[in-house]
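Working through the structure, step by step
Residues per chain are reported as follows:
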Amino acid sequence: MRPSGRDSLIGGGTPLVLIHAFPMDGRMWAPQTDGDFGFPLLVPDLPGFGSSPATDGPWSLEEQARWLANHLDARGFDSAVLCGLSMGGYIALAFAALFPNRLAGLVLADTRATPDTEAVKIAREETAGRVLREGMAFLADDMVAKLFGAASKASNPGLVARVRDMMMDQDPQGVAQALLAMRDRPSREGALARLAVPLLIIIGSEDTVTAPWEARDMAGIARNARVVQILGAGHLSNLEAPAAFNGALRRYMAELLRAR
Ligand code: MLT
């Protein structure tokens, strides 16, 4: 298992694993890895993204969750708090379904527990074919147009450009595999209902990819959930409003530790 280069094993106790969105890599968590949280942070590049090469065949989100479990094993951690944003949240929920006993806490940011609609499934397949034929540029342009809130687009063009560059770095094969894996994901509402740990849900008020009502729906299913809405942030709430995002993470982790 290769170290991602962004892991920070400073501080003791249960680690927080930051699981990146699509089509990005662990660099999207720079505002979190730059902060001093006082507990270990694991920031993997999922297979097919960033520094982790794409696999030959197709993979599922469950396989990504198993890969994460191996990633924990390799670092000697039995359990972890998972924080996934969007696709990262889909994978965190797959992990919750497969390894409930290894889950010490769960943060779901700008994501959903429901599967794709038929129309979205068809669009995913078309996009996967197009990425393989044409490369990343059209997808990076489409994604940055819809991921950011209006305020971030107007006030932070440098961030928008950095995210587009990160998307352009991704391997079309890994990206196509991710699209098909997201297409095939099942509902995770059952895993949410069975969650035995407190759930923190973070959502940007301007997120149009996963809407605030989807966050509230997830909170209604889980037994012990809190929603933190970040005003003015779009889909990439950790990058658009890092202070508010990190504050919510810190409070959640402190409460988890106190409850032990
Ligand atoms: C993401 O940000 O990871 C994607 O927008 C998720 C998705 O396409 O469903």
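Heads up: these notes are all about the structure in this document. (Residues numbered from 1 in each chain as written. Predicted model: local features only at pLDDT ≥ 70, side-chain atom pairs only at ≥ 80, totals over all residues. Heavy atoms only, no water.)

**Points about the overall build of the protein**
- For the protein, the count of helices and strands is 12 helices and six strands.
- In terms of overall dimensions, the protein is globule-like: its C-alpha atoms have a radius of gyration of 17 Å, near the 18 Å expected for 260 residues.
- For the C-alpha atoms alone, the extent of the protein along its principal axes is close to 50 × 40 × 35 Å.
- Taken over 260 residues, the protein has a buried fraction of 55%.
- Considering only contacts in the protein between residues 6 or more positions apart, those separated by 24 or more positions represent 79%.
- When the 26 basic and 29 acidic side-chain charges of the protein are each reduced to a single mean position, those positions are 4 Å apart. (Helix = DSSP H or I, 4+ residues; strand = E, 2+ residues; numbered from the N terminus. Rg over C-alpha atoms; globule rule 2.2 N^0.38 Å. Buried < 20%, exposed > 50% of the residue type's maximum accessible area, 1.4 Å probe, protein only. Contact = heavy atoms within 4.5 Å. Lys, Arg positive; Asp, Glu negative; His and termini not counted. Charge placed at Lys NZ, Arg CZ, Asp CG, Glu CD.)

**Structural notes on the nonpolar core**
- If you look at the biggest cluster of nonpolar residues, it comprises 88 residues, and the most contacted ones within it are Phe22 and Leu106.
- Ranked by residues supplied to this core, first place goes to helix 3 (residues 87–98) with eight residues.
- When sequence neighbours within four positions are dropped, the list of residues in contact with Leu106 reads Val81, Leu82, Ala92, Leu93, Leu195, Val197, Pro198, Leu199, Leu200 and Tyr252. (Core = buried A, V, L, I, M, F, W, Y, C linked by side-chain atoms within 4.5 Å.)

**What about the environment of His71?**
- Following the sequence through the fold, His71 ends up in helix 2 (residues 61–74).
- Its relative accessible area of 1% is what places His71 among the buried residues.
- As a C-alpha pair, His71 and Leu42 span 29 residues in sequence and 9.1 Å in three-dimensional space.

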